[in-house]
Amino acid sequence: MTERKTPAIKPLVERLVVVGLGLIGGSFAKGLRARGVCREVVGVDLDPQSRRLAVELGVVDRCEEQLAAACQGADVIMLAVPILAMERLLGELAKLDLGAAVLTDAGSAKGNVVRAVEAAFGVVPARFVPGHPIAGSEQSGVEAANGELFKRHKVILTPLAHTDAVALQRVDQLWRELGADVEHMQVEHHDQVLAATSHLPHLLAFGLVDSLAKRNENLEIFRYAAGGFRDFTRIAGSDPVMWHDIFLANREAVLRTLDVFRDDLDALRDAVDAGDGHHLLGVFTRARVAREHFSKILARRAYVDAMHSNDLVFLANPGGNVRGRIRVPGDKSISHRSIMLGSLAEGTTEVEGFLEGEDALATLQAFRDMGVVIEGPHHGRVTIHGVGLHGLKPPPGPIYVGNSGTSMRLLSGLLAGQPFDVTMTGDASLSKRPMNRVANPLREMGAVVETGPDGRPPLTIRGGQKLKALTYTLPMASAQVKSCLLLAGLYAEGVTTVTEPAPTRDHTERMLRGFGYAVESKGPVASLQAGGKLTATRIEVPADISSAAFFLVAASIAQDAELLLEHVGINPTRTGVIDILRLMGGDITLENQREVGGEPVADLRVRGARLKGIEIPENLVPLAIDEFPVLFVAAACAEGRTILRGAEELRVKESDRIQVMADGLISLGVKCEPTPDGIIIDGGQIGGGEVYSHGDHRIAMAFSVASLRATAPIRIHDCANVATSFPNFLALAEQVGIRVAVEGQQ
Ligand SMILES: O=C(O)C1=C[C@@H](OP(=O)(O)O)[C@@H](O)[C@H](O)C1
Ligand SMILES: C=C(OP(=O)(O)O)C(=O)O
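Predicted, not measured: the structure shown is a model, and the values here were computed from it. (Residues numbered from 1 in each chain as written. Chains lettered and ligands numbered in written order. Predicted model: local features only at pLDDT ≥ 70, side-chain atom pairs only at ≥ 80, totals over all residues. Heavy atoms only, no water.)

### Regarding the overall build of the protein chain
Regarding its fold elements, the protein chain presents 25 helices and 32 strands. Expressed along its principal axes, the backbone C-alpha trace of the protein chain runs to roughly 90 × 65 × 55 Å. Of the side-chain charges in the protein chain, 77 are positive and 90 negative, and the distance between the mean point of each set is 2 Å. (Helix = DSSP H or I, 4+ residues; strand = E, 2+ residues; numbered from the N terminus. Lys, Arg positive; Asp, Glu negative; His and termini not counted. Charge placed at Lys NZ, Arg CZ, Asp CG, Glu CD.)

Encoded structure:
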């Protein structure tokens, strides 16, 4: 018999009555009784065996056969009978004087329960709280009752507008006592969500097994049924009576999802019939990523639950070194553009070396949402079945681009030329970043762009506008704004011309040419004319110099270091980090220089060096714009003072990179002073301590590198976004000898 914890002096509930001692009712009773949160738990069941077993197994304190006797003096009454038995039970309950008892239930569909309560009581009592625990097991009956069944499972409560707040809070608290993750939802929404995620799959599993089993050759079929069949049909082993009840109870919602699914199934049938591999590949690739996406969401949730927070902490220990040869992942800027231009091209584009980081994947997903069939990524290989400049389709809902400024800004230009409306949203960091820098010039071209307050995301771009070409001088050096306008220019009548105040990365111009689209570049001016077309091509993405930068600095500041970074993109609009480190005395050589698909590439050899402080030439700022967090670490290790000016753009990246780096360096004992457009850093000792990356990937990686010269461990908070640009950073850092890992996983 299960141990019963002595109830607390003032238990949450004096008397809990559970009607229906099956798996769900039994587990609810048993779990609460074991936790001592009720003075008494009373069970009711029509079956005498269940009543006897419930007492013997410690599920309840006592059982009653009659509802009236059980409910006397009850504080909370849980109705856990099969859905179709609910009506009769409610009729009986309505005749009793229930005093102030709170009523709740555990039915799998909610609309019909609420209707039945209304029919029985005349109005739905304010003390009735409809609920649905999303938990179960293939076993059934009170013997299977398990007080831990609801731990980490969702319980959905569907209160009505007039539901009593105290009653709701009570039921909520009981489920939380059982370790459940409680959410509140509207009745109709619950029924629609469950129809899609639970009821439809059960219907399909039952239906498929029955359909195959009915056939004459069934023995033959089942003999060869492999894992796929077993996995898909596992749920056809569920309780037929219970499921029969659910389909009758949730009729409308099930019909709605079933009809939509039937249309999709018909389309698949037609594709098979017509040999339309493109349609099939589209469905399969989208389904595959959607499933991965769900599993990730669930895994992240489990992680968050386990840690009670979403703060991923890196612990960087001093004493590491840097040796060996590595290849960092593909260039983020080029990866984004490969998906965009590949999608708008005619024909099939093959990409190799694609960055499988969250930012580039957000762009990839955006184009899948707009109907482009994209295979992969698999080991950096992506195959894009281009739809041409006018082949995109409206996405089913808003496009979520996560942390990625490049996705939002470049896409806004391209979307301005489409015939449909699109809304783009982002995470908390992106939602604070300025978008008027693209919205304003796009409006001048005739686009209709709506932003949130102060020109922040979300962005809504209204389709169907006639764009006219623009001649525009950028107010800031930004490759994202330049690229946005050139992409809009593909759809604008005339010649779009962009002049930049200083050279910025030119991957868009180079790649457009690679796709056979004429772009003229003359000094600071880039221009193109609408009306051309993009022709599919092969793209080899070089390793990202912005990711290599962490190791360029690491090897420069570590004792006796020597590292070879393979196949790094050295486009002259990106190599500011090499120039700045060399000016500081860094020892970096370029080996095996070559050109791959229109982009220059080299292997970079770096050796440890005595760095000295410098005044960073302002013309190098846009050419090293993403590398400053780690360059500040180099400055902190250098002899003397380093001064940066003209870098106010750093304040509007994923975080305010000037302030956040200054805060971190100061807490590690480094002397530095932020200025409106830069920073002054005096090199010296780096101590240990706590630093905050504010969800900015480059800050998290920069402080990981700082540990090489720190005198004590550095704890770096909020590091999950390292996955946006450099998902295997920790593995490569460990491989070369830097002692950084997720805290608790060393
Ligand atoms: O065009 C691009 O791919 C990028 C341009 C830069 O942004 P800005 O254009 O805002 O300077 C850079 O910081 C970003 O990481 C990538
Ligand atoms: C600024 C960055 O990216 P984005 O603007 O795409 O978010 C970056 O990667 O440092």
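### Things to note about the pattern of salt bridges
Opposite charge on two side chains lets them pair, provided their charged atoms get close. Per the stated rule, a full pass over the model turns up 51 salt bridges. The residue Arg 462 makes a salt bridge to Asp 421 at a minimum N-O spacing of 2.9 Å. Of this pair, Arg 462 sits in strand S18 (residues 459-462) while Asp 421 sits in the loop between helix H15 (405-416) and strand S16 (422-425); the two residues are 41 residues apart in sequence, bridging distant segments of the chain. Classification of Arg 462 as partly exposed rests on a relative accessible area of 30%. What makes Asp 421 partly exposed here is its relative accessible area of 40%. Measuring nitrogen to oxygen at the nearest pair gives 3.2 Å for the salt bridge that ties Glu 520 to Lys 522. (Salt bridge = Lys/Arg side-chain N within 4 Å of Asp/Glu carboxyl O. Buried < 20%, exposed > 50% of the residue type's maximum accessible area, 1.4 Å probe, protein only.)

### Details of the UniProt feature "binding site: 3-phosphoshikimate" (unreviewed entry) in the protein chain
Taking the UniProt record as the reference, the feature "binding site: 3-phosphoshikimate" (unreviewed entry) is found at Lys 332, Ser 333, Arg 337, Ser 478, Gln 480, Asp 626 and Lys 653. For Ser 333, the location among the structural elements is in helix H13 (residues 332-344). In contact with Ser 333, not counting residues within four places along its chain, are Arg 505, His 507 and Arg 574. In this fold, Arg 337 is placed in helix H13. Residue class for Arg 337 comes out buried when judged on its relative accessible area of 3%. (UniProt positions renumbered as here; feature names shortened; annotations may be inferred. Contact = heavy atoms within 4.5 Å.)

### A look at the side chain of Asp 45
If you trace the backbone, Asp 45 turns up in the loop between strand S2 (38-44) and helix H2 (48-56). Buried charge without a salt bridge: Asp 45, with Arg 51 as the nearest opposite-charge side chain at an N-O distance of 5.9 Å. Other than its neighbours up to four places away in sequence, Asp 45 contacts Gly 20, Leu 21, Ser 50, Arg 51 and Glu 64.

### With respect to helix H16 (residues 436-444)
Those residues of H16 lying buried are Arg 437, Val 438, Ala 439, Pro 441 and Leu 442. The elements touched by buried residues of H16 are H15, strand S17 (448-450), strand S19 (471-473) and helix H17 (479-489). Just beyond H16, the residue with positive phi is Gly 446, at close to 100°.

### As for the packing of helix H4 (residues 86-94) against helix H5 (residues 111-121)
Helix packing geometry: the angle between the two helix axes and the distance between the axes. Closest axis-to-axis distance for the H4/H5 pair is 9 Å, and the angle between their directions is 35°. Relative to H5, H4 is oriented so that their crossing is right-handed. On the side of H4, the interface is formed by Met 86, Glu 87, Leu 90, Gly 91, Leu 93 and Ala 94, while H5 contributes Val 113, Ala 116, Val 117, Ala 120 and Phe 121. Among the residues forming the contact of H4 with H5, the class breakdown is 9 nonpolar, 1 polar and 1 charged. (Axes fitted to C-alpha atoms, helices over the stretch in contact; angles between N-to-C directions. Left-handed = near helix turned anticlockwise from the far one by under 90°. Nonpolar A, V, L, I, M, F, W, Y, C, P; charged D, E, K, R; others polar.)

### Some thoughts on the sheet that holds strand S22 (residues 525-529)
Taken in spatial order, the 4 strands line up as S19-S20-S22-S21 in an open sheet, and their pairing is mixed. The strands lining the two open edges of the sheet, one partner per strand, are S19 and strand S21 (520-522). With strand direction ignored, the average angle separating the axes of adjacent strands in the sheet is 15°. With 5 bridges connecting them, strand S20 (residues 495-499) and S22 associate as antiparallel partners. From the neighbouring strand, Val 498 faces S22, where its bridge partner is Ala 526. (Pairing = 2+ DSSP bridges.)

### Some words on the environment of Cys 63
Within the element layout of this structure, Cys 63 appears in strand S3 (residues 62-64). It is 9.5 Å that separates the C-alpha atoms of Cys 63 and Pro 48, two residues lying 15 residues apart in sequence.

### A word on helix H21 (residues 628-637)
The element H21 is extensively covered by neighbouring structure, given that 10 of its 10 residues are classed as buried. Residues Phe 628, Pro 629, Val 630, Leu 631, Phe 632, Val 633, Ala 634, Ala 635, Ala 636 and Cys 637 constitute the buried set of H21. Buried residues belonging to H21 abut helix H19 (545-557), helix H20 (576-583), strand S27 (641-644), helix H22 (657-667), strand S29 (678-682) and helix H23 (697-706).

### Regarding the site of ligand 1
Contacts to ligand 1 come from Lys 332, Ser 333, Arg 337, Thr 406, Arg 409, Ser 478, Ala 479, Gln 480, Arg 505, Ile 625, Asp 626 and Lys 653. In this structure, Ser 333 approaches ligand 1 through a side-chain N or O atom, which is 2.6 Å from an oxygen atom. When isolated, ligand 1 has an accessible area of 390 Å², and the protein chains bury 95% of it. Elements supplying a minimum of two residues to the shell around ligand 1: H13, H15 and H17. The element best represented in the shell around ligand 1 is H13, accounting for 3 residues. Tallied by class, residues from the shell around ligand 1 come to 2 nonpolar, 4 polar and 6 charged. (Near = heavy atom within 4 Å. Polar contact = N/O pair within 3.5 Å; in protein donor to acceptor, adjacent residues only side chain to side chain. Areas by Shrake-Rupley, 256 points an atom, 1.4 Å probe, with all protein chains shown as cover.)

### Here's the deal with the sheet that holds strand S31 (residues 714-717)
Strand order in this open sheet of 4 strands is S30-S31-S10-S32, and the pairing throughout is mixed. Each end of this open sheet is capped by a strand with a single partner; those strands are strand S30 (689-692) and strand S32 (739-742). Each strand axis lies, on average, 20° off the axis of its neighbour in the sheet, ignoring direction. In this structure, strand S10 (residues 314-317) lies alongside S32, joined through 4 bridges in antiparallel fashion. Counted as the bridge partner of Ala 316 is Val 740 from S32.

### So, the packing of aromatic side chains
In the structure shown here, the tally under the stated rule is 8 aromatic pairs. Considering the side-chain rings of Phe 550 and Phe 729, the 6.2 Å spacing of their centres and the 70° angle between planes classify their relative orientation as edge-to-face. Residue Phe 550 is found in helix H19, and its partner Phe 729 is found in helix H25 (residues 729-736); the two are separated by 179 residues along the sequence. Each member of the pair Phe 550 and Phe 729 is classed as buried. In textbook terms, an aromatic cluster arises when at least three aromatic residues are bridged by ring pairs, as seen for Phe 550, Phe 551, Phe 726 and Phe 729. (Phe/Tyr/Trp six-rings, centres within 6.5 Å; stacked < 30°, edge-to-face > 60°.)

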